[in-house]
Number of protein chains: 2
Amino acid sequence: MTTIQDIADKMNVSKSTVSKALNDAPDISETLRKQVLETAVALGYTKLRRYKKPVKKICIITEKENIQYEEPHHFAYDILLGFRQMAEPAGFDIEIVPVDVQMQRNQRYDVFMLEHDYVGAFAIGFSLNDPWIQDFKTSHTPAVLFDNYIIGNPSTAYVGIDNDEGMELAVSYLAGLGHRKIAYLSGSLGSQILQIRHAAFLRAMHQHGLKTSSDSTGCSYYLSECMEKHLPRFLEKGMTAIICSQDTLANSALIQCQQLGYKVPEDISIIGFDDIPIAAYTSPPLTTVRQDRLELGKSGFFALSSLLNSISISTFLLHAQLIERKSTGEVPVT
Amino acid sequence: MTTIQDIADKMNVSKSTVSKALNDAPDISETLRKQVLETAVALGYTKLRRYKKPVKKICIITEKENIQYEEPHHFAYDILLGFRQMAEPAGFDIEIVPVDVQMQRNQRYDVFMLEHDYVGAFAIGFSLNDPWIQDFKTSHTPAVLFDNYIIGNPSTAYVGIDNDEGMELAVSYLAGLGHRKIAYLSGSLGSQILQIRHAAFLRAMHQHGLKTSSDSTGCSYYLSECMEKHLPRFLEKGMTAIICSQDTLANSALIQCQQLGYKVPEDISIIGFDDIPIAAYTSPPLTTVRQDRLELGKSGFFALSSLLNSISISTFLLHAQLIERKSTGEVPVT
């Protein structure tokens, strides 16, 4: 179990400093207090609740099929950490509940929340065919949805990054390197975030006066289809750059291109999306659009606590950021 | 000058309660403390700064041509009040600076901010031909723009309501009343928010399988053109409902329709946008899409203080709300 000493060691400060910060002593700066609280949550310190109010429970719902969060290299790890770093010091109890389609079919979202006494939810990884996506259209228990937007329900909010901006950054960067034939490779459009990114790609290309067609886009649920059908098609049609809807897909595309005898970035440039930890370690390291997952988690809590206080947030987007690494370069001379 | 007694009288609490709340005494509930602070700001109490930090100055920039804020019935009054209700207790000095095109031409935004020692700005009422809209694309001083979205600059954020949702609420409500021929009347598309609402109208109509054409939309800078050209056109083409881009326009449309011998809502339904104070007092009272301007002002401060703390918010939208009054009814039987 994590102790005050552990937190002090981790931060290289005295035990009494940590104790003061945890107890809201007036001679501790707000910045330091915040750092101590965040470290405490990150280390799993469990005695954070400083007020003796009745505990309110929040549920982080993760879609079992789509989301992993247990290890630091998993996509949702930092999102959950950021959320908890805000929520636990504010006096909430956080429970993480992975759900599958069967469970969603068995019990409506509102009923599930009521039965377990949750005041609100932060939902991650839902695709459009998840039953609760229908529930969220009319549900009454506050829910913040990561990367899913529900129109017309004042009890839900959408948190994510500005994907329009992310695609604009990617396309304008490639255009600056001389690329004109830019393809888009995506997972299945059965997920709303991938629909949003797909539309954002088309808009960004249009904005730069660059052509798009069915020759230059490919979206499939199966990775094998992306690699064996779409990718060879792109290469054959003379595409010089490929933007991928996720880093995992971009990593596979990197490997596949090289196996087909194309050098990255000399023959073809590849850009990912997300900046998951692996992106810095692919070969070559991946240029990608970052979403700051720790801040997104914190934003998720801010949006949920607003909904709980009747401030009716609809949409909360963070700026995207282009991280330039080695998988992109000047358009090849033909 | 406002005194503690004035605040106590206004809230019907004791002077010592107010004093305690202003001085952060521990035996005052957080809710009450917040109410006292908000009342203090609303009454113009000027001794709020409780910490002796160096004062940081924020500038609320209003576009002179487009925005009035001085009186409670003005559009921006509550937005500014909400902003100040958050900012002043947080220790910021707020200055309101109306700017015109000439002033924007004379000095770049960043230079203006630097010269006056402002750490950040909340900008209201800018249209696309305002010179500083160009500056905001590359500026470095944090700026939150009400109803204007700048892509690709991490130092700016966009705050407003969810206009897609607002239009969806209006169109789906009219469709529920049997209307199929719905027109859209708008001010000039030289303002980004009116572009956004125009696109949102087209999307909402499409979503409901309803037709749109040049016959059913009209956008003009001059009110006279809206009333004398577009409105008669709509009536002639048998439109049974008109959604207007702003309440002021809707109010003129109400009057004009009646002068042309059409009863509202028996012959034609009219919906506004904004829910400004006058909307409840038009004849008949106006059905409209509300934007909660007090909350928008508060959200503006939240977004700005996030930018000041390097949390890179891009977009912050509040839910829209349909306010049903008497200017809308069942589609007329033909």
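Residues numbered from 1 in each chain as written. Chains lettered and ligands numbered in written order. Predicted model: local features only at pLDDT ≥ 70, side-chain atom pairs only at ≥ 80, totals over all residues. Heavy atoms only, no water.

Caption draft 1: Spotlight on the overall build of chain A. Scanning chain A from N- to C-terminus turns up twelve helices and twelve strands. Here the C-alpha radius of gyration of chain A, 22 Å, is about what a compact globule of 334 residues would show, namely 20 Å. Principal axes of the C-alpha set define a box for chain A whose edges measure 70 × 50 × 30 Å. The buried share among the 334 residues of chain A stands at 55%. About 15000 Å² of surface is accessible on chain A, with carbon and sulfur atoms providing 50% of the total. Here chain A contributes 31 positively and 38 negatively charged side chains, and the mean placements of these two sets differ by 3 Å. (Helix = DSSP H or I, 4+ residues; strand = E, 2+ residues; numbered from the N terminus. Rg over C-alpha atoms; globule rule 2.2 N^0.38 Å. Buried < 20%, exposed > 50% of the residue type's maximum accessible area, 1.4 Å probe, protein only. Areas by Shrake-Rupley, 256 points an atom, 1.4 Å probe, with all protein chains shown as cover. Lys, Arg positive; Asp, Glu negative; His and termini not counted. Charge placed at Lys NZ, Arg CZ, Asp CG, Glu CD.)

Caption draft 2: Local environment of the packing of aromatic side chains. Applying the stated criterion to the full structure yields 30 aromatic pairs over all chains. Where Phe-112 of chain A meets Trp-132 of chain A, the ring centres are 5.3 Å apart and the plane angle is 45°; that geometry is what we call tilted. Taken together, the residues span a long stretch of sequence, with Phe-112 of chain A in helix α6 (residues 109-115) and Trp-132 of chain A in helix α7 (residues 131-135) at a distance of 20 residues. By relative accessible area, Trp-132 of chain A is classed as buried at 0%. Here Phe-92 of chain B and Phe-301 of chain B contribute two aromatic rings whose centre-to-centre distance is 5.7 Å and whose plane-to-plane angle is 70°, an arrangement assigned as edge-to-face. With Phe-92 of chain B in strand β2 (residues 92-99) and Phe-301 of chain B in helix α12 (residues 293-308), this pair connects stretches of sequence that are 209 residues apart. Grouping residues by exposure puts Phe-92 of chain B and Phe-301 of chain B together as buried. (Phe/Tyr/Trp six-rings, centres within 6.5 Å; stacked < 30°, edge-to-face > 60°.)

Caption draft 3: Highlighting the relation of the copies chain A and chain B. When chain A is fitted onto chain B, the two copies agree to an RMSD of 0.1 Å after a turn of 180° and an axial shift of 0.0 Å. Taken together, the turn and the small shift mark the pair as related by a two-fold rotation axis. Among all residues of chain A, the minimum C-alpha distance to the rotation axis is found for Phe-316 of chain A, at 2.4 Å. (Least-squares fit on C-alpha atoms with pLDDT ≥ 70 in both.)

Caption draft 4: Main features of the pairing of strand β1 (residues 56-63) of chain B. All names here are of chain B. Taking burial as the measure, the eight residues of β1 include six buried ones, the bulk of the element. Pairing of β1 with β2, which is carried by eight bridges, proceeds in the parallel orientation. Residue pairing in the sheet places Glu-63 in a bridge with Val-99 of β2. Once the chain exits β1 it traverses helix α4 (residues 77-87) before rejoining the sheet at β2, and the crossover so formed is right-handed. (Pairing = 2+ DSSP bridges. Right-handed = clockwise from strand over helix to strand, strands pointing away.)

Caption draft 5: Examining the domain arrangement of chain A more closely. The domain architecture assigned to chain A consists of domain 1 (1-36), domain 2 (47-160 + 294-318) and domain 3 (163-291). A C-alpha centroid distance of 45 Å is found between domain 1 of chain A and domain 3 of chain A. (Domains from an automatic or database assignment.)

Caption draft 6: Broad picture of the interface of chain A and chain B. On the side of chain B, 21 residues touch chain A, which itself brings 21 residues to the contact. In this assembly, chain A packs against chain B so that about 1800 Å² is buried in total across both faces, 63% of it on carbon and sulfur atoms. Counting every contact that joins chain A to chain B gives zero salt bridges. Linking chain A to chain B there are 18 residue pairs in polar contact (both at pLDDT 80 or more). Every element with two or more residues in the side of chain A that touches chain B is listed here: α8 (163-176), α12 (293-308) and β11 (313-318) of chain A. When residues in the side of chain A that touches chain B are grouped by element, the largest group, six residues, is from β11 of chain A. Residues that form the side of chain A that touches chain B fall into these classes: nine nonpolar, seven polar and five charged. By the bridge criterion, five bridges tie β11 of chain A to strand β11 (residues 313-318) of chain B in an arrangement that is antiparallel. Bridge pairing in β11 of chain B places Leu-317 of chain A opposite Thr-315 of chain B. (Contact = heavy atoms within 4.5 Å. Buried area = accessible area lost by both parts, 1.4 Å probe. Salt bridge = Lys/Arg side-chain N within 4 Å of Asp/Glu carboxyl O. Polar contact = N/O pair within 3.5 Å; in protein donor to acceptor, adjacent residues only side chain to side chain. Nonpolar A, V, L, I, M, F, W, Y, C, P; charged D, E, K, R; others polar.)

Caption draft 7: Region of interest: the sheet that holds strand β7 (residues 217-219) of chain B. Residue and element names in this part refer to chain B. Spatially, β7-β6-β8-β9-β10-β12 is the arrangement adopted by the six strands of the open sheet, whose pairing is mixed. On the outer flanks of this sheet lie β7 and β12 (321-323), each paired with one strand and no other. Recorded for the sheet is a direction-independent mean angle of 20° between the axes of neighbouring strands. (Axes fitted to C-alpha atoms, helices over the stretch in contact; angles between N-to-C directions.)

Caption draft 8: A look at the environment of Leu-286 of chain A. Residues and elements named next belong to chain A. Along the chain, the position of Leu-286 falls in the loop between β9 (269-274) and β10 (287-290). Leu-286 gets classed as buried once you look at its relative accessible area, which sits at 0%. With 32 residues separating them in the primary sequence, Leu-286 and Leu-254 have C-alpha atoms 8.7 Å apart. With sequence-adjacent residues up to four places away left out, Leu-286 is seen in contact with Asp-247, Ala-250, Leu-254, Ile-270, Gly-272, Ala-279, Ile-323, Arg-325 and Ser-327.

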